[in-house]
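# Per-entry structural report
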Amino acid sequence: MISNSLVYLIALPLAGAAILLLAGRRSDKWGHLLATALSASSFFVGLYQLSLMLGRSNEQRPISQKLFEWISVGSFKIDAGLMLDQLSICFVLLITGVGTLIHVYSISYMSHDPDRRRFFAFLNLFIAAMLLLVLGDSYLNLYVGWEGVGLASYLLIGFWNQKPAYATASKKAFVMNRVGDMGLSFAIMIAFATMGTVSFTGVKAAVEHTSTAALTGIGIMLLVAATGKSAQFPLQAWLGDAMAGPTPVSALIHAATMVTAGVYLITRSNFIFDAAPTAQLLVVIVGAVTLMFGALIGTAKDDIKKALAASTMSQIGYMILGAGLGPVGYAFAIMHLLTHGFFKAGMFLGAGSVMHGMNDEVNMRKYGALRKFMPITFATFGLGYLAILGVPPFAGFYSKDMIIETAFNSGGIKGIILGSVTLLGASITAFYMTRVMILTFTGKSRWDDQAHPHESPWLMWLPMAILAIGSVTSGYLLSHGNALVNWLSPLFENHGEHEELLSPIVVSGLALTMVAIGVAIAFLKYSRNQVSDVAPENVSIFTRIARQDLLQDRFNESVFMRPGQVLTKILVRTDDSVIDGAVRTVGRAAMGSGASLRGVQSGFVRSYAALILVGAVALIAAIWVVTQ
Amino acid sequence: MIWLTLLMALPLAGSVAVALVPKANEKLIKQTAFITTLIVMGTTIAMAVNFQRDNVELQFIEKYSWIPSFGINYALGIDGLALVLILMSTILAPVVVLAGWNESHGGRWSIKSFYILILVLETMMIGVFAATDVFLFYVIFEAMLIPVYFLIGGYGSGERAAAAVKFLIYSLFGGLLMLASIIALYVMSGAQGGHTFDLKALSQLEMSSTTQNLLFLGFFIAFAIKAPLWPLHTWLPDAADSATPGTSVLLLGVLDKVGTFGMIRYCLTLFPEASRTFTPLILVLAVISIVYGAILAIGQRDLKRLIAFTSISHFGFITMGIFAMTSQGYSGAALYMFNHGFSTAALFLVGGWMISRRGSSTIADFGGLQRITPVMAWMFFIAGMSSLALPGLSSFVSEFLVLVGTFTRYPVHAVIATFGIVLAALYILIPVQKALHGPTTPGNENLSDLNLREKIAIAPIIAIIIALGFYPSPLLNVINPAATHVIAQLGFSDPVPTSGEK
């Protein structure tokens, strides 16, 4: 179906960004309100589209809009086109819904920042780019949104880039994302070379005529793209540093939305992965490795935001793993993505609220006993905590258990391995999240005298409360009567009944047991004992490695960065000495003397006009000679 | 209507007008020059409106006998590619004049001479793209060196004299090789029906493979020096380092395009067989340029040299697109030439303002500009984003077309070249971080932000960069017909999607 109104979803926040940036300081007074209003309008347009979509039959639900012809050269024809279907509407509502809440939160959170207007301009820019990412009807349109969110992320991570470390963090994020983007470029190139099209519908139709090798290539390259944007192994190292951005940014971009773009990309490309088992297996492996990787890092972090970031990495690992188990897993990956959007955004905003009351302290060892001072933050954070643990009936119980179950039932030894990894991950998650709860909210206070913890104003806790409601209810709502699975099912290949290794009840029982073990260990370790307000030094090698993000930075630095720097230095030197040196030598030889170039130049140059003349005369003479 | 001659005559007339203004009246000199460039730009746009975009033949043809005894004609005509490049040149000219309002001060010669040189150069920039007589082309190609030489050597900074000489000798060397090839062509034309320098007639000459190869190299080396292609690039960083920002814009943005333009117009047209023979070698050089230029850019400490090296990488992309022999590669390369003109102009002009305010071009001397001079910092940032080909900006369209057009025929080259996009992120974000971010370092506290004149100068460039990123069709529609035509003449057609070979 054709629609004329999809573009408003993007145009509203984009206009906000443009107005705020162009109006400059003039819009300081009202810029944040306009940006929030525009983000909210986009959300309401999304709701309106959902209501229209609900009124149509399954086949009629996807709608599209062609804006104009973007690039057309030979058979490479790309329209600026948008497409809204059952999958993208989920993202639209998540992005604009959570996005608007975070706008509201930021009005208060950023109220003392002289550059608040710029912050809101970037937030609106992000919303627009992210909507383009999920609404674009071809891989190239998606690419524009894909790098657009990367730009917004860069600008927001480095929002306080007067601090060198923050500036470095933003650069690191951009560069590592570009490595991933290269994968997307390759995927598009292979698709065009083999299928002659890069639109989603075109590629989907061409899959059956395309060789498995090409499909595997496209799939792997899409996976590379996903690892960059979604902070998956081995391109995950930027996410921890990205916590340099203001906390609302961490909640919106680096938890709820942008970092899930990789899951969207894989799910959107289900037709490729279904036909490329090798690529699909790699997806599963990346998801499994990252979910453990993130969880392990999460156990060792004292910085509340970095602990949550590690958790995000791990939870997205679950989603990627789920998406790699498609066709049956796609819907569960999306379900976990949506519930995670609620509970993780809520917890990040909670962390922001804690920081707000604690003079921007992020070290959890300097927290403690905040439950009494910040009851609302404690309650909303606590509900998010129960959700991520997967305690029934909170959101994560439904979404995470579905992924664990699907993993177990994916067949054979693979199923057992994947199932065990997801279960173990759930246990570690329970451990590190309990640790965060204990260190922050319970026990004895460990803050110093300057801190005067207090609850945040209503503009901040209201969004937290709304997200907390989502953390409680979203899982049930999305899975009730298989709502989300049925909603999305027209998009994915139908699949027969899969073999059932473990029944849902058994999986839930196992998962809850593992969670209980994790919680218990955390309690034994942190609740009983006095927590030190400085990180202990005499820790095991494992803790030390986990504190250093499992050494990925060290690996990147010694394998890529330092050799790269050496190579650069060598080339800079040889460019002058070898290449230019050779040119200089030839030049001298050509002059017929050993005199330096500079010695020859003055006389040579002054008669340059004459030289041209000589050239012309020589030309004419030569012509004359040969024509005689 | 004799559009092209008119276009060439206007700046020349302007230069006469400038010459007539009293030396003391600096303001009037600048105003005369600026208004002249505006008139030329307006006339070019009027001409572009009259261009028939579906016509693959040359348009606005003019032909007058010049030196009849040698068969030399004053012959002009343009296709879509030439139109686009003339448009770019004439839009950049007023921008450069306005942006560099004061850069003629403190030169070895007068302010007046500076603007005369600029205007004369503009005439030649139009002529070099419009000439269809090989002799006329050669004369302009060589004569262009003179104003550039004086602009670098007379108004530049640092080792300006040495840089100007290096530029000159490099160019002269290439020019001589081309001259030899031209003479040979002329001689052969005599043996095959009558002496001529007419491009079309020469393209129909019969010649042995060896002859073709040799003559091809004569042209190609001249163009590869201009473009510049690795390893013939070492004059460019020195020249850009010494030239004024405005001169650098004209040098890298316009004059270097004569190299890549020449590859298409002369190498491909005159020597199709030799072009095919040398394609593998040229593609390797192009890929090396892309990666090498980017790595060298990362390693630079000087802002102007850094920008020069980014251009070497970008010219690698253009050359690769040309010799990929696909319509996407060709159109991408042609569009790239246009877009590169503007993104490099933005970088050089804003970089130039930063440098003149700070009194240093060493990147490490800057720091924290985003909070001192926000408008200038953001303009530099946008220019940088354009240079790294961020989607949504014009350079992305051309860069991606080149990559995808190369990939369909030469996947390995395209894959290596794609690594350039990661290197591009580094060579832009490193100077951005050092100069714009971080705390304000000593010496930068009192820098002033852009004034109204500078804002007016940079605004159209930024507007073009953004507008063409989302809507490149006006240019692609002009470029495309020629693309298919040129590729077909060389005996190529776009590779067919391979699916179906399951």
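Taken directly from UniProt, the Sequence similarities (unreviewed entry) text for chain B runs: "Belongs to the complex I subunit 4 family." Its UniProt record, at the heading Subcellular location (unreviewed entry), says of chain B: "Membrane".

One UniProt comment on chain A, placed under Subcellular location (unreviewed entry), says "Membrane".

Looking now at the overall build of chain A. Tallying secondary structure elements over chain A gives 25 helices and two strands in all. A compact globule built from 628 residues should have a C-alpha radius of gyration of about 25 Å, and chain A, at 28 Å, falls within 12% of that. Buried residues in chain A amount to 56% of all 628 residues. When contacts within chain A are restricted to residue pairs at least 6 apart in sequence, those whose partners lie at least 24 apart make up 80%.

A few words on the overall build of chain B. Looking only at helices and strands, chain B has 21 helices and two strands in total. For chain B, the C-alpha radius of gyration of 22 Å lies close to 23 Å, the compact-globule estimate for 502 residues. Expressed as lengths along the three principal axes of its C-alpha atoms, the size of chain B is roughly 70 × 70 × 40 Å. Residue burial in chain B is summarised as follows: out of 502 residues, 65% are buried. In chain B, the share of contacts with a sequence separation of at least 24, taken over all contacts with a separation of at least 6, comes to 80%.

This part is about the environment of B:G71. All names here are of chain B. Along the polypeptide, G71 turns up in the loop between β1 (59–67) and β2 (72–78). In this structure the C-alpha to C-alpha distance between G71 and G194, which are 123 residues apart in sequence, comes to 8.5 Å. Beyond its immediate chain neighbours, meaning those up to four positions away, G71 contacts H195, T196 and F197.

Mapped onto the present numbering, the UniProt feature "domain: NADH-Ubiquinone oxidoreductase (complex I) chain 5 N-terminal" (unreviewed entry) falls on residues 70–120 of chain A. Within residues 70–120 of chain A, the helical portion is 57% and the strand portion 25%, while the C-alpha atoms at the span's ends are 29 Å from each other.

Right, let's talk about helix α16 (residues 375–389) of chain A for a bit. Residues and elements named next belong to chain A. Spanning 15 residues, α16 covers 21 Å between terminal C-alpha atoms, matching the ideal 21 Å at 1.5 Å per step. Taken residue by residue, α16 has T377, F378, T380, F381, L383, G384, Y385, L386, A387, I388 and L389 as its buried positions. Against α15 (330–357), α17 (395–408), α18 (412–441), α19 (458–479) and α21 (504–527) lie the buried residues of α16. Residue G390 follows α16 closely and has a positive phi angle near 90 degrees.

A few words on the environment of B:F492. In this structure, B:F492 sits in the segment after α21 (473–489). Here the alpha-carbon distance between B:F492 and B:S327, two residues 165 residues apart in the chain, equals 9.5 Å.

In this chain, A:F233 is followed by A:P234 through a cis amide linkage whose omega measures 5 degrees. Note that A:P234 resides in the loop between α8 (212–229) and α9 (238–241). Cis geometry is adopted by the peptide bond preceding B:P231, which originates at B:W230 and carries an omega value of 0 degrees. The backbone of B:F60 shows a phi angle near 55 degrees, a positive value even though the residue is not glycine. Residue placement: B:F60 occurs in strand β1.

The subject of this paragraph is the interface of chain B and chain A. Between chain B and chain A, the residue contacts involve 63 residues of the former and 62 residues of the latter. Considered class by class, the residues forming the side of chain B that touches chain A number 38 nonpolar, 20 polar and five charged.

All names here are of chain A. Looking at chain direction, strand β1 (residues 63–73) and strand β2 (residues 76–84) are connected through nine bridges and run antiparallel. Paired with F68 across the two strands is A80, which belongs to β2. If you look at the hairpin formed by β1 and β2, you'll find two residues sitting between the two strands, and G74 has a positive phi there, around 55 degrees.

Residues and elements named next belong to chain B. By secondary structure assignment, the location of M354 is in helix α14 (residues 327–358). The exposure class of M354 is buried, given the 26 C-beta atoms found within 10 Å. Sequence separation between M354 and S448 is 94 residues; the distance between their C-alpha atoms is 9.4 Å. For M354, the residues in contact, after removing those within four places along its chain, are F366, M376 and F380.

It is worth spelling out α18(A) at this point. All names here are of chain A. An ideal rise of 1.5 Å per residue puts 44 Å on 30 residues; α18 measures up with 43 Å between its terminal C-alpha atoms. Counting buried residues in α18 gives 21 out of 30 residues, a clear majority hidden from the surface. Looking one or two places after α18, you find G443, whose phi comes out positive at around 70 degrees.

As a further point, take the packing of helix α4 (residues 111–130) of chain B against helix α5 (residues 134–143) of chain B. Residues and elements named next belong to chain B. Across the interface, α4 lies against α5 with an axial gap of 9 Å and an inter-helix angle of 145 degrees. In this structure, α4 meets α5 at a crossing whose hand is left-handed. Residue-level contacts link M124, G127 and V128 of α4 to F137, I140, F141 and A143 of α5.

The share of residues in chain B with pLDDT of 70 or more is 99%, and the mean pLDDT across the chain is 92. If you check the scores for this complex, the pTM reads 0.93 and the ipTM reads 0.93.

Rules of the game
- Residues numbered from 1 in each chain as written.
- Chains lettered and ligands numbered in written order.
- Predicted model: local features only at pLDDT ≥ 70, side-chain atom pairs only at ≥ 80, totals over all residues.
- UniProt positions renumbered as here; feature names shortened; annotations may be inferred.
- Helix = DSSP H or I, 4+ residues; strand = E, 2+ residues; numbered from the N terminus.
- Rg over C-alpha atoms; globule rule 2.2 N^0.38 Å.
- Buried ≥ 20, exposed ≤ 12 C-beta atoms within 10 Å, placed from the backbone.
- Contact = placed C-beta atoms within 7 Å.
- Expected span 1.5 Å × (residues − 1).
- Nonpolar A, V, L, I, M, F, W, Y, C, P; charged D, E, K, R; others polar.
- Pairing = 2+ DSSP bridges.
- Axes fitted to C-alpha atoms, helices over the stretch in contact; angles between N-to-C directions.
- Left-handed = near helix turned anticlockwise from the far one by under 90°.
- pLDDT = per-residue confidence, 0-100.

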